[in-house]
Amino acid sequence: MVLLIVDTQKAIVNDRLYGFKLFESNVKRLIYTARQNNVEVIYVRHDDGEGAELTSGNSGFGIYDGFAPACNEKVFDKTANSAFKNTGLAEYLKNKGEDTVIIAGLQTDYCIDATVKAGFEHGFKMIVPANANSTFDNPYMTAEQSYSYYNEFMWNKRYADCISFEQVLELMNK
């Protein structure tokens, strides 16, 4: 089992996210619990390319200070929504014999959605803890509607196990 923290970058981690305070608190707690129980924490950063805010070298590209990786933790960079597309992440996990991925981060309706589905297609058991992913309003849905749609309808029992935050902590404490 690993904890995958997706796109929690300085440019987009802010109080405009749906349920920001709970999201922030839960991600911090997941990272802490994983580290205490020798569950590997892996980070993914999104690079939109030259001229964009989320571009390597820009201050917003870095991982949010509250979730910062420890010096020995892996960071994979991606240029597509899925953390598995052309990053080496799937191969890394398979070479280590990992089969379960707990996923947290941003944004629910973009990179978390793509990564949950791709992880499922790569044969990983995907676990989505409640209130550990978030997003912003979009032209079609509020951030809360997007969160509910993906976590309660789209992913659960199809591509992932969407379970309570407490259940995920228990899984890591075993």
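Data block above holds the structure.
The rules behind each value
- Residues numbered from 1 in each chain as written.
- Predicted model: local features only at pLDDT ≥ 70, side-chain atom pairs only at ≥ 80, totals over all residues.
- Heavy atoms only, no water.
- Axes fitted to C-alpha atoms, helices over the stretch in contact; angles between N-to-C directions.
- Helix = DSSP H or I, 4+ residues; strand = E, 2+ residues; numbered from the N terminus.
- Parallel < 35°, antiparallel > 145°, perpendicular 65-115°, else oblique.
- Left-handed = near helix turned anticlockwise from the far one by under 90°.
- Contact = heavy atoms within 4.5 Å.
- Nonpolar A, V, L, I, M, F, W, Y, C, P; charged D, E, K, R; others polar.
- Core = buried A, V, L, I, M, F, W, Y, C linked by side-chain atoms within 4.5 Å.
- Buried < 20%, exposed > 50% of the residue type's maximum accessible area, 1.4 Å probe, protein only.

Draft legend 1. Structural detail: the packing of helix H3 (residues 108–121) against helix H4 (residues 143–154). Between H3 and H4, whose axes approach to 10 Å, the crossing angle comes to 15°. The angle between the axes of H3 and H4 places the two elements in the roughly parallel class. Both H3 and H4 take part in a crossing whose hand is right-handed. Residue-level contacts link Thr 108, Asp 109, Asp 113 and Lys 117 of H3 to Ser 146, Tyr 147, Tyr 150, Asn 151 and Met 154 of H4. Partitioning the contact of H3 with H4 into residue classes produces three nonpolar, three polar and three charged.

Draft legend 2. The packing of helix H1 (residues 20–36) against helix H5 (residues 165–172), seen in detail. In contact at an axis separation of 9 Å, H1 and H5 are set at 15° when each is read in the N-to-C sense. With respect to H5, the element H1 is oriented roughly parallel. Relative to H5, the crossing made by H1 is right-handed. When H1 is examined against H5, the residues Asn 26, Arg 29, Leu 30, Thr 33 and Ala 34 are found in contact with a partner set consisting of Phe 165, Val 168, Leu 169 and Met 172.

Draft legend 3. The nonpolar core, seen in detail. Counting 30 residues, the largest nonpolar core has Leu 3, Ile 5, Leu 30, Ile 31, Phe 67 and Met 172 as its most contacted members. When contributions to this core are tallied by element, the ones reaching two or more residues are strand E1 (2–6), H1, strand E2 (40–46), strand E4 (100–106) and H5. Per element, the largest residue contribution to this core is six residues, and it comes from H1. If near-sequence neighbours (up to four positions away) are discounted, Ile 5 is found in contact with Val 27, Ile 31, Val 41, Ile 42, Tyr 43, Val 44 and Ala 104. Judged by nonpolar contacts, the second largest core, of 26 residues, contains Ile 42, Ile 103, Trp 155 and Ala 160.

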